[in-house]
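One letter stands for each residue in the lines below.
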Number of protein chains: 2
Amino acid sequence: MSVLWTVKAVGLGAVALSLSVELLGWLLRRLRPGRPLKQVIFFPSEVACVEHIFTPTSAYPCSCSLPHDVETSFSRLLRHILSASSSLDLCVFSFSNMDLSRAVVALHSRGLTVRVLSDKDYSAITGSQIGVLRKAGICVRCESGAVHMHHKFAVVDSRLLITGSLNWTLTAVLHNMENILVTEEPDLVRPFIQEFQRLWHNNDPVRRHLANVVRKPDRVTARTRD
Amino acid sequence: MSVLWTVKAVGLGAVALSLSVELLGWLLRRLRPGRPLKQVIFFPSEVACVEHIFTPTSAYPCSCSLPHDVETSFSRLLRHILSASSSLDLCVFSFSNMDLSRAVVALHSRGLTVRVLSDKDYSAITGSQIGVLRKAGICVRCESGAVHMHHKFAVVDSRLLITGSLNWTLTAVLHNMENILVTEEPDLVRPFIQEFQRLWHNNDPVRRHLANVVRKPDRVTARTRD
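One numbering rule holds for all chains: residues counted from 1, following each sequence as written. The naming scheme follows written order: chains are lettered A onward, ligands numbered 1 onward. At least 70 in pLDDT is required for a residue's local features to be given in this predicted model, at least 80 for side-chain atom pairs to be given and counted, and no such filter applies to totals for whole chains, interfaces and linings, which use all residues. Only hydrogens and water are set aside; all other atoms, that is, all heavy atoms of the structure, feed into the side-chain values.

Caption draft 1: Molecular detail of the interface of chain B and chain A. The contact definition used throughout considers only heavy atoms, calling two residues in contact when any of these lie within 4.5 Å. Counting residues at the interface gives 44 residues for chain B and 44 residues for chain A. Put simply, buried area is the surface a 1.4 Å probe can reach on two separate parts but cannot reach once they are joined, added for both. Summed over both partners, the interface of chain B with chain A comes to about 3,900 Å²; 68% of that surface belongs to carbon and sulfur atoms. We define a salt bridge as a side-chain nitrogen of Lys or Arg found within 4 Å of a carboxyl oxygen belonging to Asp or Glu. The interface formed by chain B and chain A holds four salt bridges in total. Note that Lys38 of chain B is salt-bridged to Asp187 of chain A, the shortest N-O span being 3.9 Å. Each polar contact in these results corresponds to two N or O atoms within 3.5 Å; when the atoms are within protein, one needs to be able to donate a hydrogen and the other to accept it, and residues that are neighboring in sequence are counted only if both atoms are side-chain atoms. Connecting chain B to chain A are 18 residue pairs in polar contact (both at pLDDT 80 or more). Here a strand is any run of E in DSSP of at least two residues, a helix any run of H or I of at least four, and the numbering for each starts at the N terminus. Among the elements of the structure, helix 1 (2-31), strand 1 (38-43), strand 5 (152-156), strand 6 (160-164), strand 7 (178-183) and helix 7 (186-202) of chain B are those that each provide at least two residues to the side of chain B that touches chain A. Among the elements that take part in the side of chain B that touches chain A, helix 1 of chain B stands out by supplying eleven residues, more than any other. Gly is placed with the polar residues, together with every amino acid not listed as nonpolar (Ala, Val, Leu, Ile, Met, Phe, Trp, Tyr, Cys and Pro) or charged (Asp, Glu, Lys and Arg). The class makeup of the residues in the side of chain B that touches chain A is 19 nonpolar, 15 polar and ten charged.

Pasting the structure below:
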């Protein structure tokens, strides 16, 4: 009888242990801090002051005429970009938004590694912020191998992906129907990191210059043979 | 001694059972067919024949001069769209790609619910396929409340989201650096379904017409009062 009771008690203990382990695993998966962020933000954004996002510790509240303390699609985007602590890789077709330019320059000033890839034609249009970034000392490369470098994505700290239809312009932010998807899902972030690396490497001016130097004698030889 | 051995055996069994349950749970999570798809596709796409995707059961192989049996970024996109079995909700700024138009018309011909939202200006440009879709009997609405309806997303069977920088044009597919993200992740699909519903409802011509009818007497009254 005593043996039977022992077996029953240990058996029940086994079931309880199994269920506890399963429950604990489920809870850890739901609550662990590393659960990947997945967020969709739609535009146009409401118009609101974003000064407090740039200077959160300022003792003087902004006195501009825009609404204050309003969380908008644009303020959410800005916060994601300014959350960077080590690097920002930006690959954007059209970049003329001055607040976004200010955010990128701020990250560079903090000592982060900032790399910007843009379209060769759109980087030179009136209002483009590409010149401002270059003047601030940020390394910018322009894609020249395609009709358009039409991407609009950013990777923050090799961890957070921001991608979608939104060019970094004032019209896109305030007047267009647009979307961005913000995610830390490694299966989605990794391909964008690899694509950025590939484009960055392909558009290295030194590499392009060397390729031209190597190619030139061939062309001369070909002409000589004609 | 016999009791001790029984307790030991049952104890070991308990540990084995716990580990087995945990392992089984992990395996089920990894292998279950409902595991959300997460895929990133980059463009430009290689050029290849896509006839076999439209007519997979054809007895006659295509004799065009393009490469055959090549899996490309574009063929992957086409397969995702043609995988629809009940509905396609498409929200795209610029739509001039004839293969993509053929795919959308094919889904409509199969009896699926196809709804297309586009930009008011870009739906009327030369080469736009919006007229082709309308002629085929597909319900198309154009967004008129924003400067541009700049989205480029599709939702297949209210389950699969295709979104990114890619407009549905030939240049985007074959000549631009572009990306699309294809996912079944509910946290990402759901907001796009809601955004489509919102835009579809806001651009209902009947709703707009009724809103105008209601508004007109107010305007007359206002004039009379002046």
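Caption draft 2: Molecular detail of the nonpolar core. In terms of nonpolar packing, the biggest core is built from 37 residues, with Val104 and Trp168 of chain A touching the most fellow members. Setting aside chain neighbours within four positions, we find Trp168 of chain A in contact with Ile81, Leu90, Val92, Ser94, Phe95, Ser96, Asn97, Leu100, Val104 and Ala154 of chain A. Ile53, Ile130, Leu133 and Ala154 of chain B belong to the second largest nonpolar core, which has 36 residues in total. In this description, a nonpolar core means a group of buried Ala, Val, Leu, Ile, Met, Phe, Trp, Tyr and Cys residues linked to one another through side-chain atoms lying within 4.5 Å. Exposed residues in this analysis have more than 50% of their type's maximum accessible area, buried residues have under 20%, and partly exposed residues fall in between, with area computed by a 1.4 Å probe over protein chains only.

Caption draft 3: Fine view of the relation of the copies chain B and chain A. For the least-squares superposition of copies, only C-alpha atoms count, and only for residues with pLDDT at least 70 in both. Once chain B is rotated about the relating axis by 180° and shifted along it by 0.1 Å, it coincides with chain A to within an RMSD of 0.6 Å. The two molecules are tied by a two-fold rotation axis, judged by turn and shift. Most of the interface of chain B is mirrored in chain A, where 100% of its interface residues again form contacts.

Caption draft 4: Looking closely at the sheet that holds strand 1 of chain B. The sheet built from seven strands is open, its strands ordered 1-7-6-5-2-3-4 (chain B) with mixed pairing. Because the sheet does not close on itself, it has two edges, and the strands there are strand 1 and strand 4 (139-143) of chain B. Sheet twist, expressed as the average angle between the axes of neighbouring strands with direction ignored, equals 15°. At least two bridges found by DSSP between two strands is the condition for calling them paired. Relative to strand 4 of chain B, strand 3 (residues 113-119) of chain B runs parallel, the two being bridged by five bridges. When the sheet's bridge partners are listed, Ser118 of chain B is paired in strand 4 of chain B with Cys142 of chain B. Orientation is described by axes fitted as lines to C-alpha atoms, over the contacting stretch for helices, and by angles from 0 to 180 degrees between their N-to-C directions. Sheet strands in contact with helix 7 (residues 186-202) of chain A are strand 1 and strand 7 of chain B, and its direction is about 20° off that of strand 1 of chain B.

Caption draft 5: Examining the packing of aromatic side chains more closely. Only rings of Phe, Tyr and Trp enter the pairing, Trp through its six-membered ring, and a pair is recorded when the two centres are within 6.5 Å. The plane angle decides the type: under 30 degrees is stacked, over 60 is edge-to-face, the rest tilted. Scanning the entire structure with this criterion turns up ten aromatic pairs over all chains. Measuring from centroid to centroid gives 5.4 Å for Phe192 of chain A and Phe42 of chain B, while their planes differ by 75°, and the two rings are edge-to-face. Taken together, the residues Phe192 of chain A in helix 7 and Phe42 of chain B in strand 1 connect one chain to another. Like Phe192 of chain A, the residue Phe42 of chain B is buried in the burial classification. Between Phe95 of chain B and Trp168 of chain B, the ring centres sit 5.3 Å apart and the planes meet at 75°, which makes this aromatic pair edge-to-face. You can see Phe95 of chain B sitting in the loop between strand 2 (87-92) and helix 4 (98-109) and its partner Trp168 of chain B sitting in the loop between strand 6 and helix 6 (170-174), a full 73 residues away along the chain. The pair Phe95 of chain B / Trp168 of chain B is uniform in exposure class, with both members buried.

Caption draft 6: Molecular detail of the side chain of Thr169 of chain B. On the secondary structure map, Thr169 of chain B appears in the loop between strand 6 and helix 6. In this structure Thr169 of chain B comes out as buried when scored by relative accessible area, which is 13%.

Caption draft 7: Structural context of helix 4 of chain B. All names here are of chain B. Expected span, for any helix, means 1.5 Å times one less than how many residues it has. Its twelve residues place the ends of helix 4 16 Å apart at the C-alpha level, agreeing with the 16 Å of an ideal helix rising 1.5 Å per residue. Where helix 4 is buried, its residues contact helix 2 (51-54), helix 3 (73-82), strand 2, strand 3 and helix 5 (130-135). Following helix 4 by one or two positions, Gly111 adopts a phi angle in the positive range, close to 95°.

Caption draft 8: Focus on the pairing of strand 2 (residues 87-92) of chain A. In terms of burial, strand 2 of chain A is largely enclosed, as six of its six residues are buried. Handedness of the crossover joining strand 2 of chain A and strand 3 (residues 113-119) of chain A through helix 4 (residues 98-109) of chain A is recorded here as right-handed. Assignment of crossover handedness uses the view with strands pointing away from the viewer, where a clockwise path from the first strand over the helix to the second indicates a right-handed crossover.

Caption draft 9: Examining the environment of Arg159 of chain B more closely. Residues and elements named next belong to chain B. With respect to the helices, strands and loops of the structure, Arg159 is situated in the loop between strand 5 and strand 6. Considering only alpha carbons, one finds Arg159 and Ile193, 34 residues apart in sequence, at a separation of 9.0 Å. Excluding residues that lie within four positions of it along the chain, Arg159 makes contacts with Ser83, Thr183, Glu184 and Val189. A polar contact is formed between the side chain of Arg159 and the side chain of Glu184, at a distance of 2.6 Å.

Caption draft 10: Seen up close, the state of the cysteines. To count as a disulfide, a pair of cysteine sulfur atoms needs to be within 2.5 Å. In the structure shown here, the tally under the stated rule is zero disulfides over all chains. Of the cysteine sulfurs around Cys142 of chain A, a residue in no disulfide, the closest is that of Cys139 of chain A, at 11 Å.

Caption draft 11: Structural context of the side chain of Glu195 of chain A. One can find Glu195 of chain A in helix 7. With residues up to four places along the chain from it excluded, the contact list for Glu195 of chain A reads His151 of chain A together with Phe42 of chain B.

Caption draft 12: Layout of the pattern of salt bridges. Evaluation of the coordinates by the stated rule reveals 20 salt bridges over all chains. Several salt bridges share partner residues, and in doing so they unite Lys38 of chain A together with Glu185, Asp187 and Arg190 of chain B into one network.

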